[in-house]
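The chain contents come next:
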Amino acid sequence: MARLVVGAKAPAFTLPDGDGAKVSLKDFAGRKVVVYFYPADDTPGCTKEACQFNDNLRAFQRAKVAVLGISPDDAESHRRFRAKYGLKFPLLSDPGHKTMEKYGAWGEKTLYGRKSLGVIRSTFLVGADGKLARVWYGVRADGHADKVLAELGD
């Protein structure tokens, strides 16, 4: 699995959101956007991470930074997850893991000594120029949104 580095061009993608609308990275051209990859809707860690991004959404908006979450879950799962927790940012579906693979967010991981293929919790700050300004791999869900927000000013 190749990992992306700061300064690299962010891989393009077009994925459906919870309403079936297509969302592309190019829709955010000229703006900063946080793209975070998570394993599954409505699981403890993913819920904590999503709610913390949502709780900080005004601060991200003041910084003129959009937030996108991407998981393998389908649109219906995203709709339920957003409604249950009042999430106000788009959740995109990548069931074939193609976008995750481009970002190095899909691959082999070890949990409790057992290796498996899956989503590697990762976050990317894409600059207004379309290049990666920050890269976080293997992040801890709790407190991560605060860390991303804190690094926006750097």
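Conventions adopted
Residues numbered from 1 in each chain as written. Predicted model: local features only at pLDDT ≥ 70, side-chain atom pairs only at ≥ 80, totals over all residues. Heavy atoms only, no water. Helix = DSSP H or I, 4+ residues; strand = E, 2+ residues; numbered from the N terminus. Contact = heavy atoms within 4.5 Å. Polar contact = N/O pair within 3.5 Å; in protein donor to acceptor, adjacent residues only side chain to side chain. Pairing = 2+ DSSP bridges. Axes fitted to C-alpha atoms, helices over the stretch in contact; angles between N-to-C directions. Buried < 20%, exposed > 50% of the residue type's maximum accessible area, 1.4 Å probe, protein only. Salt bridge = Lys/Arg side-chain N within 4 Å of Asp/Glu carboxyl O.

Participant: Requested: an account of the environment of Asp17, with residues and values cited.
Facilitator: Secondary-structure assignment places Asp17 in the loop between strand S1 (14-16) and strand S2 (22-24). Residues Asp17 and Lys48 lie 31 residues apart in sequence; the distance between their C-alpha atoms is 20 Å. When residues no more than four places from it in sequence are discounted, the contact partners of Asp17 are Val23, Ala75, Leu91 and Leu92. Among the polar contacts listed, one links the side chain of Asp17 to the backbone nitrogen of Asp19, at a separation of 2.8 Å.

Participant: Any chance you could break down unusual backbone geometry for me, citing the residues and the numbers?
Facilitator: Residues other than glycine seldom take positive phi values, yet Asp42 does so here, at roughly 60°. Mapping Asp42 onto the fold places it in the loop between strand S3 (32-37) and helix H1 (44-55). Positive phi is not limited to glycine here, since Lys64 has a value of about 60°. When you line up the elements, Lys64 lands in the loop between helix H2 (57-62) and strand S4 (65-71).

Participant: Break down the sheet that holds strand S9 (residues 132-137) for me, citing the residues and quoting the values.
Facilitator: The five strands lie next to each other as S5-S4-S3-S8-S9, forming an open sheet whose pairing is mixed. A single partner strand is all that each edge strand has here, and the edge strands are strand S5 (91-93) and S9. Pairs of neighbouring strands in the sheet enclose a mean axial angle of 20°, with direction left out of account. Two strands pair when backbone bridges link them, and strand S8 (residues 122-126) and S9 are joined in this way by five bridges, in the antiparallel orientation. Within the sheet, the bridge partner assigned to Phe124 lies in S9 and is Val135. Strand contacts of helix H5 (residues 144-151): S3, S8 and S9, with the helix running at about 155° to S9, the strand carrying the most contacts.

Participant: Explain the pairing of S3 to me, and be specific about the residues and the numbers.
Facilitator: Buried residues dominate S3, accounting for five of its six residues. As judged from the six bridges shared by S3 and S4, these two strands associate in the parallel manner. Bridged to Val35 within S4 is Leu68. Bridge analysis of S3 against S8 gives five bridges, and the strand direction is antiparallel. What sits directly across from Val33, in S8, is Val126.

Participant: Break down the environment of Lys48 for me, citing the residues and quoting the values.
Facilitator: With respect to the element layout, Lys48 can be found in helix H1. Lys48 sits 42 residues away from Pro90 along the chain, and the two C-alpha atoms are 16 Å apart.

Participant: Give me the lowdown on the pairing of strand S7 (residues 114-119), citing residues and values where you can.
Facilitator: Here strand S6 (residues 106-111) pairs with S7 via six bridges, running antiparallel. Following the sheet pairing, Gly107 is matched in S7 by Gly118. In textbook terms, the turn of a hairpin is the stretch between consecutive antiparallel strands, and for S6 and S7 this stretch comprises two residues, one of which, Tyr112, has a positive phi near 55°.

Participant: Could you give me a rundown of the pattern of salt bridges, with the residues and numbers involved?
Facilitator: As enumerated under the stated definition, the model contains six salt bridges in all. In this structure, the salt-bridge partner of Lys84 is Asp42, at a minimum N-O distance of 2.9 Å. With Lys84 in helix H3 (residues 75-85) and Asp42 in the loop between S3 and H1, this pair connects stretches of sequence that are 42 residues apart. Judged by relative accessible area, which is 55%, Lys84 ranks as exposed. For Asp42, a relative accessible area of 37% corresponds to the partly exposed category. When salt bridges with common partners are traced through the structure, they connect Glu76, Arg79 and Arg80 into a single cluster.

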